[in-house]
Amino acid sequence: MKLSDFDYHLPDQLIAHYPLEQRSGSRLLCLGRESGAVEHRRFSDIVSMIDAQDLLVFNDTRVLSARLLGKRADTGGAVEVLIERLLPDNEAIAHVRASNARQPGVRLILTSPCGQYSLEAEVIGRQDRFYHLRFFCQGLLIDELDRVGHVPLPTYIKRDDEVLDQSRYQTVYARNPGAVAAPTAGLHFDEALLGALRSQSVEMAFVTLHVGSGTFQPVRVDNVQEHKMHSEWISVTPDVCARINACRERGGRVIAVGTTSVRSLESAALKAGSPGPAAGLQPYEGETDIFIYPGYQFQVVDAMITNFHLPRSTLMMLISAFAGREQVMAAYEQAIEQRYRFFSYGDAMFIR
C-alpha cells in the first residue's frame, strides 16, 4: 500500500482560513459506507439523520493556547515554542524553534500577544524531537498559557491567530484541557444543534483524546505500513463503555464525532483484546499510537462525522479504512467539484 494511493490535488482557494459565521451552517457531504452513494446536504440536517437509538460520541478535549512567542533571555534571539504536552510541576514537552537556543540551561522569555504579560522558561533537555521545558510561574502553567499563549492554528491557515479563534477553534463542549489542535468535526456543533438532538432523545457520550501536533506531521515513508504513529493520551470511561453496550443492545449505531473519537474507541477495544464488534469493551486511560489504515477491522464505530483531511495523511488512511479508498477518493473528487471548504475550518462529511 503506497502513500501515493491517498493523494489528491486540492486548489488552494478551497482551504478555509476562517470559520463560517454560524457553526452549524457548513455543508455536509454524506457518503454511504457500503454503497458509495454521495448526497450533498447542510450540516444542520444531521439532526434528521440520527435516530433516538443511536449514540453520538464526542471528544471533549480543550485546546491549549499552546503557541508561545518570545526571545532568548541572554541574546534576544527570536524563539517560538509549541507545547506538545503538559507535565506535572509546570513542566512541558514542546517544539522549540530558535537559533542556538535549545541547549540545557538556556532561558526563554515568552510574551503575550498584547505585550502586557510574560512567562519565563528554561530548557531542561531533549526528548526525541521535542524539548523538555520548565516554566517559572506563580500559579498553574495551564492558566498562564491562557494569558500569554496564542491559539495554535494549523500552518495551512495562512494568517495569525485572532480573537475569534479563541472560541471558534474550540468545541462548545470542550472541558478537559490538553490538546494542541482542535477535534475539528466537533466545531460544527453549536448549542442549538445539540439541543435539537437532545430534544429527540439522542444519547451522547464523551471521550478525551488530547490531540498532539503529530496529527499534522507528514508521512515520510512510501510504504504506508512502515509509518510509525505518534502517541496521544486518551480516556474512555466506564460510563462510555456502558453507553456503547446499551446502544448495541437496542440496535443503534455508535456514531463517532471526529477521527479522534474513532481512535479513542478503537484503541480501548484493542487494549481490552476485544475479538469482535464492541465485545468486551473496557475502560482505558493512557497512551495510544493506534494506526488505522485499509485492512483494519473496526470493532466499535458504525458511522462517523469528520472534516476533509490533508492528502497523503494518516487521517485519509483512517477514513479510507472505514469507507473504502476508492469510495473516499471519489467522494473527495465530488467535494472539490462542488467547491466544498476543506480542513479545520471547512465543511464536513457524514460516513454512514
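What you see is a predicted model; the values in this text were computed from it and never measured. (Residues numbered from 1 in each chain as written. Predicted model: local features only at pLDDT ≥ 70, side-chain atom pairs only at ≥ 80, totals over all residues. Heavy atoms only, no water.)

## Overview of the pattern of salt bridges
We count it as follows: We define a salt bridge as a side-chain nitrogen of Lys or Arg found within 4 Å of a carboxyl oxygen belonging to Asp or Glu. Elements are defined by DSSP. Helices are runs of H or I of four residues or more, strands are runs of E of two residues or more, and each kind is numbered from the N terminus.
Within this structure, the stated rule accounts for 24 salt bridges. Between Asp302 and Arg248 there is a salt bridge; the shortest N-O distance is 2.7 Å. A residue pair is termed long-range when its members are at least 10 positions apart, and Asp302 in the loop between β15 (284-288) and β16 (303-307) and Arg248 in helix α5 (residues 238-249) qualify at 54 residues. Among the charged side chains, a network of salt bridges with common partners joins Glu91, Arg107, Glu120, Glu122 and Arg134.

## Focus on unusual backbone geometry
In most cases, non-glycine residues show a negative phi, while peptide bonds are predominantly trans. Selection rule: Only protein chains enter the accessibility calculation, which uses a 1.4 Å probe. A residue is then buried if its area is under 20% of the maximum for its type, exposed if over 50%, and partly exposed in between.
The phi dihedral of Arg339 falls on the positive side, at around 65 degrees, and the residue is not glycine. Within the secondary structure layout, Arg339 lies in the loop between α8 (325-337) and β17 (348-351). Even without glycine at this site, Phe343 takes up a positive phi of about 75 degrees. For Phe343, the position within the fold is in the loop between α8 and β17. Since its relative accessible area comes to 4%, Phe343 is described here as buried.

## Let's talk about the environment of Val219
Of note, Val219 is situated in the loop between β12 (203-209) and β13 (232-236). In this structure, the C-alpha to C-alpha distance between Val219 and Met229, residues 10 residues apart in sequence, is 9.1 Å.

## What to know about the packing of aromatic side chains
One pair of aromatic rings is described through two measures. These are the centre distance and the angle between the planes. Applicable threshold: Whether two aromatic rings pair depends on their centres lying within 6.5 Å, for rings of Phe, Tyr and Trp, where Trp uses its six-membered ring; planes under 30 degrees apart make the pair stacked, over 60 edge-to-face, and the rest tilted.
Overall, the coordinates contain 17 aromatic pairs when judged by the stated rule. Where Tyr8 meets Phe342, the ring centres are 6.2 Å apart and the plane angle is 45 degrees; that geometry is what we call tilted. Pair noted here: Tyr8 is in the segment before β1 (27-31) and Phe342 is in the loop between α8 and β17, with a separation of 334 residues, a long-range link. Each member of the pair, Tyr8 together with Phe342, is buried. When the ring of Tyr156 is compared with that of Phe343, the centres are 4.8 Å apart and the planes differ by 50 degrees; the resulting orientation is tilted. Highlighted residues: Tyr156 in the loop between α2 (141-148) and α3 (165-168) and Phe343 in the loop between α8 and β17, separated in sequence by 187 residues. For the pair Tyr156 and Phe343, one class covers both residues: buried.

## Digging into the sheet that holds strand β10 (residues 130-136)
Applied cut-off: At least two DSSP bridges between two strands are required for those strands to pair. Between N-to-C directions, angles span 0 to 180 degrees; the directions come from axes that are lines fitted to C-alpha atoms, helices contributing only their stretch in contact.
Strands sit in the order β5-β6-β7-β10-β9-β8 around a closed barrel of six strands; the barrel is antiparallel. Looking at each pair of strands side by side, their axes are set apart by 45 degrees on average, direction ignored.

## Quick notes on the environment of Ser231
We count it as follows: Note on contacts: a residue pair qualifies if any of its non-hydrogen atoms lie within 4.5 Å across the two residues. For this analysis, a polar contact is any N or O atom pair within 3.5 Å, provided that within protein one partner can donate a hydrogen and the other can accept it, and provided that sequence-adjacent residues contribute only side-chain to side-chain pairs.
If you trace the backbone, Ser231 turns up in the loop between β12 and β13. Distance from Ser231 to Gly70, taken between C-alpha atoms, is 28 Å for residues 161 residues apart in sequence. The contacts of Ser231, once residues within four sequence positions are left out, are Arg85, Glu287, Thr288 and Asp289. One polar contact links Ser231 to Glu287, side chain to side chain, over a distance of 2.6 Å.

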